Amino acid sequence: MQSLKNRAAIINKIRKFFATQNVLEVQTPMLQNYPLSDVYIDSVLVKINGKNKFLHTSPELEMKKLLANGLGDIYQICPVFRDNEQGSNNFNEFTLLEYYRLGFDIFQLMDNIIELLKILGVKHKNLRLTYAQVFFEYADIDILNTDFNALKKIAKTHKLSTDFEHIEDLQMLLFVHLIEPKLARLPLVFIYAFPQSQSALARIEAAVAQRFELYINGVEIANGYDELRRGNSYQQRFEAEISKRKKLGKTPVNLDADFIENLQNPLPQCSGVAIGIERLLSQI
Amino acid sequence: MQLINFTHITKEKMAHYSTNQFKNGLKLMLDGNPCSILSNEIVKPGKGQAFNRVRFRDLITGKTLEKTFKSGESLEAADVMELEMQYLYNDGSAWNFMQPQSFEQYAIDANAMADAKGYLVEQDFCVVTLWNNNPISVTPPNHVVLEVAETDPGLKGDTAGTGGKPATMNTGVIIQVPLFISIGDRVKVDTRTNEYASRA
């Protein structure tokens, strides 16, 4: 009971915060014609009126359609669904807060998240470290300048698997093994400036992906980007994921033609973030 | 008595366990040593594949180690058994135990005995861990009764034991005991902490 009341109070405060900042609440369709192309996020297939549909894994693409069509600052709190999730911090159904701020870069968006967290009662001092810094500091690895083969040698010295097709997967293994346990000592830290290989849907500037993740007590809470703007940039990123899926023998997916079609106009410059509500609640 | 030599064992092909079958207490081979899983956590980066972050106890060295696997990787099972056995006697080079059901006897060397040898009382039951039917470690009961072989004389009038003094037990282990304990006293010792528990 108490946890339900606590959750409702937190959600109320989030809504109030966005109201005072003139960010509009939206609700976008959960049923999608195409599954997500991300290699490691699997969409749930549902049959509706005899047709295959997919539950959204995040409201990101639908909200970006709104942004491309001229809607300004927007947010959404909604359940999302992912197949093949397991573990104590990964669920097939969970709640995301997703929001976009026009004209913000990732640093302004981090400031804005801190403002929001303060209202929710999180008052820890926040640290901001680059992806390269944490690897230097905690593992003595020059992650941005170490190639795939050299990284495999490092993995070997830690007796970790080197059986990877793509450098980003090995980077993530080293992050999970060497870095994340150290982050558990930090109450609140933003990791930003990711390697290009992990750019996801973030813009690349100054040779790094303009992307950040928020960790509270070592648990990943949020993932934010300075968003890609043009339809063809999205198409390239999707196609890269689709071919990775093929290479790894994962369920093949088709390019999301609905999304690309809706991006005739590019997005305005904006940054957006997805925050896992249940994970946040477990850490504040 | 049966003394088993590693090299004479014909090794059967062992089963493998995939990360999604990992659970606490599962015994697996890691870098050539049998290990027991202490904890298993699935970690999935926002944009990445799932990994299993696993803490193991190496059953040979007793050390704790942490490894991270790609979900779906698999490891060879370790043929490890834990059996309750009765301690019989020390023959000068080995400690001899008997399994009460089968009357099978095992001679265990100093390596596998490690710290356990300081807590052994004849006829007591210990847990013996076997790997490929070879003893690799011995866990004594949580509490054992030992006799004080040597200690400084106690102070007169001290009954509560505010301070303490070292005492050597008949098994060789040294523990802190209250001041009123003297040579020949029997005391109860907690083998997990090497601490005095009470007079026996």
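What you are looking at is a predicted structure, and each value in this text was computed from that prediction instead of being measured. (Residues numbered from 1 in each chain as written. Chains lettered and ligands numbered in written order. Predicted model: local features only at pLDDT ≥ 70, side-chain atom pairs only at ≥ 80, totals over all residues. Heavy atoms only, no water.)

A. Looking closely at a positive patch on the surface. Together, Lys13(A), Lys16(A), Lys118(A) and Lys123(A) make up a region of like positive charge exposed at the surface. Considering the arrangement of structural elements, one finds Lys13(A) in helix α1 (residues 2–20). (Patch = residues over 30% accessible without salt bridge, like charges linked within 9 Å, V, L, I, M, F, W, Y side chains within 5 Å. Areas by Shrake-Rupley, 256 points an atom, 1.4 Å probe, with all protein chains shown as cover. Salt bridge = Lys/Arg side-chain N within 4 Å of Asp/Glu carboxyl O. Lys, Arg positive; Asp, Glu negative; His and termini not counted. Charge placed at Lys NZ, Arg CZ, Asp CG, Glu CD. Helix = DSSP H or I, 4+ residues; strand = E, 2+ residues; numbered from the N terminus.)

B. Layout of the state of the cysteines. Residues and elements named next belong to chain A. Enumeration over the complete set of coordinates arrives at zero disulfides over all chains. With no disulfide partner, Cys 270 has as its closest neighbouring cysteine sulfur the one in Cys 78, 17 Å distant. Judged by relative accessible area, Cys 270 falls into the buried class, the value being 0%. (Disulfide = S-S within 2.5 Å. Buried < 20%, exposed > 50% of the residue type's maximum accessible area, 1.4 Å probe, protein only.)

C. Focus on the pairing of strand β8 (residues 95–98) of chain B. All names here are of chain B. Of the two faces of β8, the one holding Trp 95 and Phe 97 and the one holding Asn 96 and Met 98 are both buried throughout. Pairing of strand β7 (residues 80–90) with β8, which is carried by four bridges, proceeds in the antiparallel orientation. By the bridge assignment, Asn 90 is partnered in β8 with Trp 95. The loop that links β7 with its antiparallel partner β8 comprises four residues; one of these, Gly 92, has a positive phi angle of about 100°. For β8 and strand β9 (residues 105–108), the ladder comprises four bridges, and the chain directions are antiparallel. (Pairing = 2+ DSSP bridges.)

D. Structural context of the side chain of Glu168(A). Mapped onto the elements of the fold, Glu168(A) is located in helix α6 (residues 167–183). Residue contacts for Glu168(A): discarding those within four places in its chain leaves Ser197(A), Gln198(A) and Lys244(A). (Contact = heavy atoms within 4.5 Å.)

E. Examining the packing of helix α5 (residues 148–157) of chain A against α6(A) more closely. All names here are of chain A. α6 packs onto α5 with a crossing angle of 30° between their chain directions and a minimal axis gap of 10 Å. The orientation of α5 with respect to α6, classified from their angle, is roughly parallel. Handedness of the crossing formed by α5 with α6: left-handed. Within the contact between the two elements, α5 uses Phe 148, Leu 151, Lys 152 and Ala 155 and α6 uses Ile 167, Leu 170, Gln 171 and Leu 174. Here the contact of α5 with α6 is built from residues that sort into six nonpolar, one polar and one charged. (Axes fitted to C-alpha atoms, helices over the stretch in contact; angles between N-to-C directions. Parallel < 35°, antiparallel > 145°, perpendicular 65-115°, else oblique. Left-handed = near helix turned anticlockwise from the far one by under 90°. Nonpolar A, V, L, I, M, F, W, Y, C, P; charged D, E, K, R; others polar.)

F. Quick look at the sheet that holds strand β13 (residues 165–169) of chain B. All names here are of chain B. Ordered by their spatial adjacency, five strands build an open sheet running β14-β13-β12-β15-β16, and the pairing between neighbours is antiparallel. If you trace the sheet from one side to the other, it starts and ends with β14 (174–177) and β16 (195–199), each paired once. The sheet shows a mean angle of 55° between the axes of neighbouring strands, direction not considered. As paired elements, strand β12 (residues 143–151) and β13 share three bridges and run antiparallel to each other. Across the sheet, Val 148 pairs through a bridge with Met 169, a residue of β13.

G. Here's a closer look at the pattern of salt bridges. A full pass over the atoms with the stated rule returns 21 salt bridges over all chains. Note that Asp73(A) is salt-bridged to Arg101(A), the shortest N-O span being 3.5 Å. Note that Asp73(A) is positioned in the loop between α2 (60–68) and β5 (74–81) and Arg101(A) in strand β6 (residues 93–102), a separation of 28 residues in sequence. Looking at Arg101(A), the relative accessible area reads 6%, which means it is buried. Between Asp163(A) and Lys70(B) there is a salt bridge; the shortest N-O distance is 3.7 Å. Residue Asp163(A) is found in the loop between α5 and α6, and its partner Lys70(B) is found in strand β5 (residues 64–70); the two belong to separate chains. Because the salt bridges share partners, they merge into one network encompassing Asp42(A), Arg245(A) and Lys250(A).

H. Inspection of the environment of Leu45(A) at higher detail. Residues and elements named next belong to chain A. Locating Leu 45 in the fold gives a position in strand β3 (residues 44–48). For Leu 45, a relative accessible area of 48% corresponds to the partly exposed category. Considered as a pair, Leu 45 and Asn 6 are 39 residues apart in the sequence and their alpha carbons are 33 Å apart. Apart from residues no more than four positions distant in its own chain, Leu 45 is found in contact with Asn 52, Lys 53 and Phe 54.

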